[in-house]
Amino acid sequence: MKKNLLTTILLVAILVSGHTQVSYQKTFSDTANYGTYALPTPDGGLILLSSQIGARPSQVLKLNANGDTLWSKHYDMNFSLIEPTFDGGFILSTSRATSSDSALVKTDANGNITWAKNLDGFATQTMDSGYVLMDYQNSSVYKTDGLGDTLWTKQYTAPFLTELVTAKPTFDKGFIINGNFQPGNRMPTLIKTDSLGDVLWSKYYDDGSANGLGYCYGSYQTPDSGYIVYGGWFPD
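All of the points below concern the structure found in this document.

Scoring rules and cut-offs
Residues numbered from 1 in each chain as written. Predicted model: local features only at pLDDT ≥ 70, side-chain atom pairs only at ≥ 80, totals over all residues. Heavy atoms only, no water. Helix = DSSP H or I, 4+ residues; strand = E, 2+ residues; numbered from the N terminus. Contact = heavy atoms within 4.5 Å. Pairing = 2+ DSSP bridges. Axes fitted to C-alpha atoms, helices over the stretch in contact; angles between N-to-C directions. Patch = residues over 30% accessible without salt bridge, like charges linked within 9 Å, V, L, I, M, F, W, Y side chains within 5 Å. Areas by Shrake-Rupley, 256 points an atom, 1.4 Å probe, with all protein chains shown as cover. Salt bridge = Lys/Arg side-chain N within 4 Å of Asp/Glu carboxyl O. Buried < 20%, exposed > 50% of the residue type's maximum accessible area, 1.4 Å probe, protein only.

Another aspect to go through is the environment of Lys-168. Mapping Lys-168 onto the fold places it in strand β15 (residues 163–169). In this structure the C-alpha to C-alpha distance between Lys-168 and Val-141, which are 27 residues apart in sequence, comes to 9.9 Å. When residues no more than four places from it in sequence are discounted, the contact partners of Lys-168 are Gly-174, Phe-175, Ile-176, Ser-219 and Tyr-220.

This is the structure in structure tokens:
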């Protein structure tokens, strides 16, 4: 069922003085679902994805640097994530953890669909213009070429993971995968793979206590080829 979208977007500029200044504030109202995911685009604008968990359609809006709408598209799919691609277009992906659909969709710079694949998982573009997809439900990672055709699939379960969180490309054309391993207490886990998804090493991060649950929410590669891992521990 369609619901009204009423979304307020604030673009905040951080000044040298340490104060904040609102550059603009925009309200968008349309006949679509709700819940917005926004990312900056290379042209200085924003791309917005509006969708409702488990329901269609999804709406994408492209804004310029002043927050003015350049175009708006509705897709009869329940998308969870959108990211810009190297060619100026966008990749839309789903996850069955938050979506009723399984789809990987590539668009051009104006939001027109160029191809679509029946693949599930959050997608990130890799340096070879392909994509890596993280399937939370199956603890699996898929690597595709630039047309969305699957090159390989790997499943990371015990003794590495019991819960997959993210999969991202690294500088050496491999991947860094993080999640949680739960042999008893849950421990944040980091896995490094080569370009084919084969495990090179894995690390578990334990706070040293016998109680509590550790959660890994994500990781980033740093310029020195190390990693930042973020998460937390919570008492039972």
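Moving on: the sheet that holds strand β13 (residues 140–144). Read across the sheet, four strands follow the order β11-β12-β13-β14 without closing on themselves; strand pairing throughout is antiparallel. Single-partner strands in this sheet number two, and they are β11 (122–125) and β14 (150–155). If you compare each strand with its neighbour and ignore which way they point, the axes differ by 20° on average. Where strand β12 (residues 131–135) and β13 come together, five bridges link them in antiparallel fashion. Along β13, the bridge assignment pairs Asp-135 with Ser-140.

Before going further, it helps to examine a nonpolar patch on the surface. Residues Tyr-217, Tyr-220, Ile-228 and Tyr-230 make up a contiguous nonpolar surface patch of roughly 420 Å² in combined accessible area. Among the elements of the structure, β19 (213–221) and β20 (227–234) are those that each provide at least two residues to the nonpolar patch. Structurally, Tyr-217 can be placed in strand β19. With relative accessibility at 44%, the residue Tyr-217 sits in the partly exposed group.

So, on to the pairing of β12. The buried count for β12 comes to five of five residues, which makes it a mostly enclosed element. Alternating positions in β12 separate into two faces, Tyr-131, Leu-133 and Asp-135 on one and Val-132 and Met-134 on the other, with burial throughout. Taken together, the four bridges between β11 and β12 define a ladder with antiparallel strand orientation. Bridge pairing in β12 links Ala-123 to Leu-133. Connecting the antiparallel pair β11 and β12 is a turn made up of five residues, with Ser-129 showing a positive phi of about 70°. Linking β12 back to β13 in an antiparallel pair, the connection comprises four residues, with Ser-139 at a positive phi of about 50°.

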